[in-house]
Amino acid sequence: MSWLPLSFGAPMLLWGLIALPVIWWLLRFTPPKPQTEVFPPLRILARVLKSDDTPNRSPWWLTLLRLVMAALVIFALAEPVWNPRERIPVGGNLLALVMDNGWASAPDWDERVATASRLINDAEKKEMPIILAFTAEKANQQIGPYSAAEARNRLNAVRPRPVPADRQGVFLAVANTIGDSAGVTLALLTDGLAAKDDAKAFAPLLERRLANIVWAAPGRLDMVGLTAADNGLDRFSVTAVRAPSGASPRFMTAGAFDEKGRRIGDAAITFRPGDTSASGEIVVPFELRNDFASIALDGENQAAGVRVLDGTAKRRRVGLLSQAPTDDTRQLLSPLYYIRRALEPSADIIEPKSPDLLEAIPQLLEQKPAVIVMGDVGTIPEATREPLIKWMQNGGTLIRFASTRLLTAGNDEELLPVKLRLGERQLGGALSWTEPQKVTEFPSNGPFAKLAPPQDVTVTRQILAEPTPSLAERTWATLADGTPLVTADRRGKGIVVLFHITPSATWSNLPISGSFVEMLRAIVQLSRNQGAAGTTTEGVPAASLPPYRMIAADGQIEPPTGDAKPLQTGKGPLAVTIENPPGLYGTEDGVFAHNLLTADATLAPISRPTTSVPVIAESYAADESRDMKGPLLFGALALLILDGLIVLWLAGLWRRNARRITAAAIALILLPALLLPVSPASANDAKPDDQQAIEATMVTRLAYVLTGNSSIDSVSRAGMTGLTRFLREKTALEPGEPTGVNVENDDLAFYPLIYWPVDANVPAPSQAAIARIDEYMKNGGTILFDTRDQYATSLETSTSPATLRLREILGNLNVPPLEPVPSDHVLTKSFYILNDFPGRFAGSPLWVEASLEASNPDNRPVRTGDGVTPIMITANDFAGAWAVDGSGSPLLPTVPSDPMQRELAFRSGVNIMMYMLTGNYKSDQVHVPDLLQRLGQ
Amino acid sequence: MARIGEAQAPVAARDALARGRLRASLVPDLLVEARRIVNTVIAGWHGRRKRGIGEDFWQFRPYVEGEAIANIDWRRSARDDHIYVRDREWEAAHTVWLWADPSPSMLYKSAGARVSKQSRALVLTLAMAELLSRSGERIAWPGLVDPFINRNGAERIASHLTQAGTLPAKPDFSGIRRFSDVILVSDFLDPSGETLEWLDGLARRGARAHLVEVADPAEETFPYAGRTEFTDPETGDKLIAGRAEILADEYRNLYIARREAVAAWAKRLGWSYTVNHTDRLASEALVGLHLALSSEDSHLGRVGA
């Protein structure tokens, strides 16, 4: 079928078309099955039918349709291919197949493999040995000659690499293997990108006795690579390049991903027609930009479309140094205040623990800051100069500010960028003719070049630099009269920067302007974290960094493979090789980004070497062959459905059951919708304790700790019940039924006061329970501990067992200082006026948190003090006094037996509850008479 | 695909035993049904309105010499100078022959019909039997039951039908004499020529026939479509229509033409022709039949005229 771009994978099956006439004959005499009906007036019908020639065979068009269906199936089985590839002529007696498997070949690798497979197939037919080499593999790879089967295995085993093709070494190896054999077919399956030494690389191959050359290059070079990703001042800029063949405009999106691969930013990159490079910007907050771990171009599934970012794009550590003591009350005068405020959002601030420079500087250097800011440091102790200078040489950035201390310290070649003149300069003021100076345009050589000069900043005092020839190039900012405001100089890899003003607003209002923030950030941007791996310690040369995260050939970021070797940094430009594929090197703590394309990389198309050997050009893009099997089978299936519908129509189904069929069709369409999972009912988030929690919070309740000792617990319960009744009768508080709590697992937060009878025989609560109690007390709850041993202690000199147990419990708690309730404590007046707090026993003081000393205890009826004591301790056995039985009569006698004591015990309980619930409200209430008097009542 | 029509009896319906059983099981119900229908008609059933042998008074007329003296009504004659004879209304029983088509084609029932044609035919026949026997007519079934008078004539005919074997497809008219009324319930689906031929034998005997055509709605409207194979329940012949719907119009014309031919022939003879569809009520046909029986020009009327 040369007149059609159609070929068949199994042409023998086309003989099946011969069967079509048979099928036609069969179909013609196989009418559709009729509907059978009993019909009594058949004789009448017979008279009608005589005139109507009964069609006992299928209509011709139905037969034709079925024949077409059969023909389609036969054609489909013959595996037709539309637009089949042409065969590539392979001649000679040796096929040297060299494939580029660099990053640029990754997107259409399968097509390249298909092309190579065809070449290998052709070579197999002619029984030619095959040399198979890949340019991105190691130069010492096995290249054959192989048999066709071996070559195929090798071809299938090799994957594209995320590195540029190294043609020179591989070509040389191939040329050596070819040797002087004649009649060699050289197949070069290039990725289309020029490498640096292409001409030199092709030379040894072209010297061989070649029969012909098969030159394959992609039809279009549409790969785009990222060459730069810069974290700018207020935006993140991304630069991409493409091959010059792409003259059309192109719109791409670059995504910024964090370490976990989440997309947190987008940049639109638009190539204008003819442009080979374009850039986009990601305008997101600084904090978000610092999280960028990689930038990837959407739709570019190759390694150059991805760029990993290392610590240079991350937050720096900034050390702050000052000699002035910190004064909380005069923060605005602190030399570091504005610096801290300026840098805190964008950098990690570290400060030494000690204000003494001798200790402070080593402490800072230990943390390997990117920047050290010295606020008002003048003289730097000799012992710390050396490490500081070394740190700076290794890339540290030192920012200094002028101060009176600096003036007295004098010049310092190493730690100041310029030579200073003695004495400061005063601009403006009563004794000066000059006006305060403004800041002019920032010079273009400094990092501030992109910043707009602040209009509202004036400088009234500054220190001056000695005018030297190099002063201008060291100046990053100047005043209107040309005197430098900021100077800087390189010290090894590092920079020393001097602001000729103080960091506080005394000499200039620059520190309180927005420009100050931008300037400091710009300087910090210049710096590099010294804590990054590779420059971990000063003086030690760069170490080898283990591979950490690699960029795969398809642009994915994945763990390192076995081929990646540690990266030797510090030896000039680092090449991307098979041993050092692009990716992040280092460890989790610090990484070094090793990216495929350098900032000046371009994507140039490869040029075909000129040679006298016949060259057969081949294109990967020619793969437009389309397998027709699927469409043909689909067509046959469609015809089958059509045939079924026609048969139904012939059988009269439509007319007879139109409505039912419509309903069935609708049901068939709706069936998937019905089968969709119904959204599950919202989950029941009730917890087992919810009911209890709801009950506990519906009304205020008195709570007591369940000790596990039934007699104590029953007394506690009876006592709480008694107090509850008393409260109901006497006060506005109407507590609910008292509840017992288990400190081990019940939620304590619902109860304002928990009564805890301490018993020596009850096991101490667990550590977890203690922690819960501690938390409860911290969050405002109060526990009333009752040792109930007032007379046990008084009889013996030693402490009672209950007290010991109490000490054990309290030993793990954060117990504030305690005191017996003073006579002017709120507890004594919160409801009743009370002098002491008896329970079943009398005499034990009630211990509460010690309140702050009142400033004038004489006049004040009540102590001041906020908050409620988190703890109360008594030995008077309150619960015993409060305990009542069902009829309301007391359960236990008081000691001594005195009805008034019981009444006072209840009053103590009322006062305690009121104190719990109202806090220090009463301490304010006692002032009401005075206040009223002042108001003129 | 549901079929439109079906034969109510199984294929072995032509077997005599099966038919007998079927009829036996059908008859008691039909009898009740027939009685129910009769009750709606009985009010409109009148006497002969002719003088004759009977019990009820009809008229006084002057005595004509030669008549039996016993006929003279002396009480009436004593009032004046004339002698009168009391005439009685003619109440002599008349013979009405009933026949329902027993052919297999009558077993047909379509989806739109309530009952099969045979069921409807038996109901109509037995209902007439009930009606006629209540009014004292002699009823008979050609070839099965000779004329008899009994109040429960329908039961007797039903019991005869139950016990009867295979009935001939066409009735035996040999016992029918002049002035008899014959009620023939059938579908009359044979070509009109054949139908008229065997009815002509009846007409020659001087009987007056009332033809009741029981028709299934599907037979008349022909709702078939698509490729359909039609089977004749009597002969088992098959016909395949490629597209049945295109035959409908022509078929309907032929079907109606057949009916009209028979009806016109019947009308010419003074016979009645009633069409009853099985999707309509049986009583409609019964009323029509009753009107035809009691019409002025019926043989019953002519007897005394």
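Residues numbered from 1 in each chain as written. Chains lettered and ligands numbered in written order. Predicted model: local features only at pLDDT ≥ 70, side-chain atom pairs only at ≥ 80, totals over all residues.

Chemist: For the overall build of chain B, give the residues involved together with the corresponding values.
Modeler: If you tally the helices and strands in chain B, you get nine helices and twelve strands. Among the 305 residues that make up chain B, the fraction classed as buried is 41%. Within chain B, contacts between residues separated by at least 24 positions form 74% of all contacts whose residues are at least 6 apart in sequence. (Helix = DSSP H or I, 4+ residues; strand = E, 2+ residues; numbered from the N terminus. Buried ≥ 20, exposed ≤ 12 C-beta atoms within 10 Å, placed from the backbone. Contact = placed C-beta atoms within 7 Å.)

Chemist: Account for the overall build of chain A, naming residues and giving values.
Modeler: Scanning chain A from N- to C-terminus turns up 26 helices and 40 strands. Of all 937 residues assigned to chain A, the portion counted as buried reaches 41%. Of all intrachain contacts in chain A linking residues separated by at least 6 positions in sequence, the fraction that spans at least 24 positions is 77%.

Chemist: I'd like to hear about the pairing of strand E9 (residues 208-215) of chain B, residue by residue, with values.
Modeler: Residue and element names in this part refer to chain B. Within E9, eight of the eight residues are buried, which leaves it mostly tucked inside the rest of the structure. Residues Arg-208, His-210, Val-212 and Val-214 point to one face of E9 and Ala-209, Leu-211, Glu-213 and Ala-215 to the other, with burial holding for every one of them. Read from strand E8 (residues 181-186) through helix H5 (residues 192-204) to E9, the crossover connection turns out right-handed. Where E9 meets strand E12 (residues 272-277), six bridges bridge the pair, whose relative direction is parallel. The partner of Ala-215 across the bridge, within E12, is His-277. (Right-handed = clockwise from strand over helix to strand, strands pointing away. Pairing = 2+ DSSP bridges.)

Chemist: Just give me the short version of helix H5 (residues 148-157) of chain A, but keep the residues and values in it.
Modeler: All names here are of chain A. Of the positions making up H5, those classed as buried are Ala-148, Ala-151, Arg-154 and Leu-155. The arc that holds every buried residue of H5, seen down its axis, measures 120 degrees, which confines them to one face. Of the exposed residues in H5, the ones pointing more than 90 degrees away from its buried face are Ala-149, Asn-156 and Ala-157. Against helix H4 (109-125) and strand E5 (130-134) lie the buried residues of H5. (Arc of directions from axis to C-beta.)

Chemist: Can you explain the UniProt feature "transmembrane region" (unreviewed entry) in chain A? Please cite residues and give values.
Modeler: All names here are of chain A. UniProt feature "transmembrane region" (unreviewed entry): in the numbering of this structure it lies at residues 6-27, 60-78, 632-654 and 661-678. Taken end to end, residues 6-27 has its terminal C-alpha atoms 30 Å apart, with 41% of it in helix and 14% in strand. Between the end C-alpha atoms of residues 60-78 the distance is 27 Å, and the span holds 95% helix and 0% strand. (UniProt positions renumbered as here; feature names shortened; annotations may be inferred.)

Chemist: So what's going on with unusual backbone geometry? Residues and values would help.
Modeler: Residue and element names in this part refer to chain A. In this model, Val-895 is joined to Pro-896 through a cis peptide bond whose omega is -5 degrees. Secondary-structure assignment places Pro-896 in the loop between helix H23 (878-882) and helix H24 (899-918). Despite not being glycine, Arg-788 has its phi angle at roughly 55 degrees, a positive value. Within the secondary structure, Arg-788 sits in the loop between strand E37 (782-786) and helix H21 (790-795). Judged by the 25 C-beta atoms lying within 10 Å of it, Arg-788 falls in the buried class.

Chemist: Would you mind going over the sheet that holds strand E11 (residues 263-271) of chain A in detail, with residue names and values included?
Modeler: Within a sheet, neighbouring strands are paired by backbone hydrogen bonds and run either parallel or antiparallel to one another. Residue and element names in this part refer to chain A. One open sheet accounts for four strands, arranged E11-E10-E13-E14; its pairing is antiparallel. If you trace the sheet from one side to the other, it starts and ends with E11 and strand E14 (306-308), each paired once. This sheet shows a mean twist of 20 degrees between the axes of neighbouring strands, independent of strand direction. Direction of pairing for strand E13 (residues 294-297) relative to E14: antiparallel, over a ladder of three bridges. Paired with Ile-295 across the two strands is Arg-307, which belongs to E14. (Axes fitted to C-alpha atoms, helices over the stretch in contact; angles between N-to-C directions.)

Chemist: Give a description of the sheet that holds strand E6 (residues 184-189) of chain A that names residues and reports values.
Modeler: Residue and element names in this part refer to chain A. Here we have five strands laid out as an open sheet, ordered E5-E4-E6-E7-E32, and parallel in their pairing. The open sheet has two edge strands with one neighbour each: E5 and strand E32 (615-619). Taken pair by pair, the neighbouring strands of this sheet meet at an average axis angle of 15 degrees, ignoring direction. Sheet strands in contact with H4 are strand E4 (94-99), E5, E6, strand E7 (210-217) and E32, and its direction is about 175 degrees off that of E4.

Chemist: Any details on the pairing of strand E7 (residues 145-148) of chain B? Residues and values, ideally.
Modeler: Residue and element names in this part refer to chain B. Two elements, strand E6 (residues 138-141) and E7, share two bridges in a ladder whose sense is antiparallel. Across the sheet, residue Ile-139 finds its bridge partner in E7, namely Phe-148. Hairpin connection between E6 and E7: a loop of three residues separates the two successive antiparallel strands, and Gly-143 in this loop has a positive phi of roughly 80 degrees.

Chemist: Got a sec to walk through the packing of helix H3 (residues 117-134) of chain B against helix H8 (residues 282-293) of chain B? Specific residues and values, please.
Modeler: Residues and elements named next belong to chain B. Taken N-terminus to C-terminus, the directions of H3 and H8 make an angle of 45 degrees; their axes are 10 Å apart at the nearest point. On the basis of the axis angle, H3 is oblique to H8. Like other packed secondary-structure pairs, H3 and H8 cross with a definite hand, here right-handed. Judged by residue contacts, Arg-120, Val-123, Leu-124, Ala-127 and Met-128 of H3 engage Ala-282, Ala-285, Leu-286 and Leu-289 from H8. Split into classes, the residues belonging to the contact of H3 with H8 amount to eight nonpolar, no polar and one charged. (Parallel < 35°, antiparallel > 145°, perpendicular 65-115°, else oblique. Left-handed = near helix turned anticlockwise from the far one by under 90°. Nonpolar A, V, L, I, M, F, W, Y, C, P; charged D, E, K, R; others polar.)

Chemist: Describe the confidence of the model for chain B, with residues and values.
Modeler: All names here are of chain B. Here chain B averages 76 in pLDDT, and 77% of its residues register 70 or above. Mean pLDDT across the secondary structure elements of chain B bottoms out at helix H9 (residues 299-304), with 38, and peaks at helix H2 (residues 74-77), with 90. A low-confidence stretch, residues 10-24 (pLDDT under 50), is modelled with 16 contacts involving residues beyond four sequence positions or located in other chains. Prediction confidence for the complex, expressed as pTM and ipTM, is 0.37 and 0.72 respectively. (pLDDT = per-residue confidence, 0-100.)

Chemist: Hey, could you go over the environment of B:Glu220 for me, with residue numbers and the actual values?
Modeler: Residue and element names in this part refer to chain B. Relative to the helices and strands, Glu-220 is located in helix H6 (residues 217-221). Put simply, Glu-220 and Asn-253 are 33 residues apart on the chain and 9.6 Å apart in space, counted from C-alpha to C-alpha. Ignoring any residue separated from it by four or fewer positions in sequence, one finds Glu-220 in contact with Ala-215 and Tyr-255.

Chemist: Which residues make up helix H4 (residues 153-163) of chain B, and what are the values?
Modeler: A turn of α-helix holds 3.6 residues, and therefore any two residues three or four places apart point the same way. Every buried residue of H4(B) is listed here: B:Gly153, B:Ala154, B:Ile157, B:Ala158 and B:Leu161. Around the axis of H4(B), the buried residues are gathered within 130 degrees of arc, so they sit on the same side.

Chemist: For the nonpolar core, give the residues involved together with the corresponding values.
Modeler: In a soluble, globular protein the nonpolar side chains are often hidden away together inside. By size, the foremost hydrophobic cluster in this structure holds 93 residues, and its most contacted members are A:Ala96, A:Leu97, A:Val98 and A:Ile130. Looking at this core, the element that brings in the most residues is E4(A), giving six residues. (Core = buried A, V, L, I, M, F, W, Y, C linked by C-beta atoms within 7 Å.)

Chemist: So, the confidence of the model for chain A: which residues are in play, and what are the values?
Modeler: Residues and elements named next belong to chain A. Residues of chain A with pLDDT of at least 70 account for 85%, and the chain-wide mean is 78. A low-confidence stretch, residues 532-542 (pLDDT under 50), is modelled with 25 contacts involving residues beyond four sequence positions or located in other chains. Throughout residues 677-683 the model reports pLDDT below 50, and contacts reaching past four residues in sequence, or to other chains, amount to zero contacts.

Chemist: Hey, could you go over the environment of A:Glu351 for me, with residue numbers and the actual values?
Modeler: Residues and elements named next belong to chain A. Note on placement: Glu-351 falls in the loop between strand E16 (347-350) and helix H10 (357-366). On the basis of neighbour count, Glu-351 is assigned to the partly exposed category, with 18 C-beta atoms found within 10 Å. Along the backbone, Glu-351 and Val-373 are 22 residues apart, and their C-alpha atoms lie at a distance of 10.0 Å.

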